[in-house]
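Spelled out from the first residue to the last, the chains are:
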Amino acid sequence: MAMKVEHAIHRRRLSRNVGLGIVLVLFVGLVYGLTIAKVGGPKPNTLPAAEGRE
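Just so it is clear, the structure is predicted and the values come from calculations on it, not from any experiment.

Participant: Help me understand the overall build of the chain, please; the structure alone is not making it clear to me.
Facilitator: Helix and strand counts for the chain come out as 2 helices and 0 strands. Considering the chain as a whole, with its 54 residues, one finds that 2% of them fall into the buried category.

Participant: What's the story with a positive patch on the surface in this structure? I'm lost.
Facilitator: On the surface, R11, R12, R13 and R16 cluster together to form a positively charged patch. The residue R11 is located in helix 1 (residues 8-39) in this model. Its relative accessible area of 45% is what places R11 among the partly exposed residues.

Participant: Got a minute to help me understand a nonpolar patch on the surface in this structure?
Facilitator: A surface patch of nonpolar side chains, amounting to about 590 Å² of accessible area, comprises L24, F27, V28, L30, V31 and L34. Relative to the helices and strands, F27 resides in helix 1.

Participant: What is the right way to read helix 1 from this model?
Facilitator: Note on helix geometry: an α-helix contains 3.6 residues per turn, so any two residues three or four positions apart are oriented the same way. The end-to-end C-alpha separation of helix 1 is 47 Å, in line with the 46 Å expected for 32 residues at 1.5 Å each. With respect to burial, helix 1 is a largely exposed element, only 0 of its 32 residues being buried.

Rules of the game
Residues numbered from 1 in each chain as written. Predicted model: local features only at pLDDT ≥ 70, side-chain atom pairs only at ≥ 80, totals over all residues. Heavy atoms only, no water. Helix = DSSP H or I, 4+ residues; strand = E, 2+ residues; numbered from the N terminus. Buried < 20%, exposed > 50% of the residue type's maximum accessible area, 1.4 Å probe, protein only. Patch = residues over 30% accessible without salt bridge, like charges linked within 9 Å, V, L, I, M, F, W, Y side chains within 5 Å. Areas by Shrake-Rupley, 256 points an atom, 1.4 Å probe, with all protein chains shown as cover. Salt bridge = Lys/Arg side-chain N within 4 Å of Asp/Glu carboxyl O. Lys, Arg positive; Asp, Glu negative; His and termini not counted. Charge placed at Lys NZ, Arg CZ, Asp CG, Glu CD. Expected span 1.5 Å × (residues − 1).

What follows is the structure in C-alpha cells.
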C-alpha cells in the first residue's frame, strides 16, 4: 500500500508553474493584440483627407 504524500516543494513548484503559464498567456495575448492593432490600423493612402483632392 503506497501512500502518496505531497511535499511542500511540489506545491510550490506547481504554483510557480501555474503563475508562469498565466504570465506567458498574457504576454502572448499582448503581442497578438498589438500586432492586430498595428496591422489593422488605417493605411496612410486611404485617409479621408486624401480622398478629397483631385
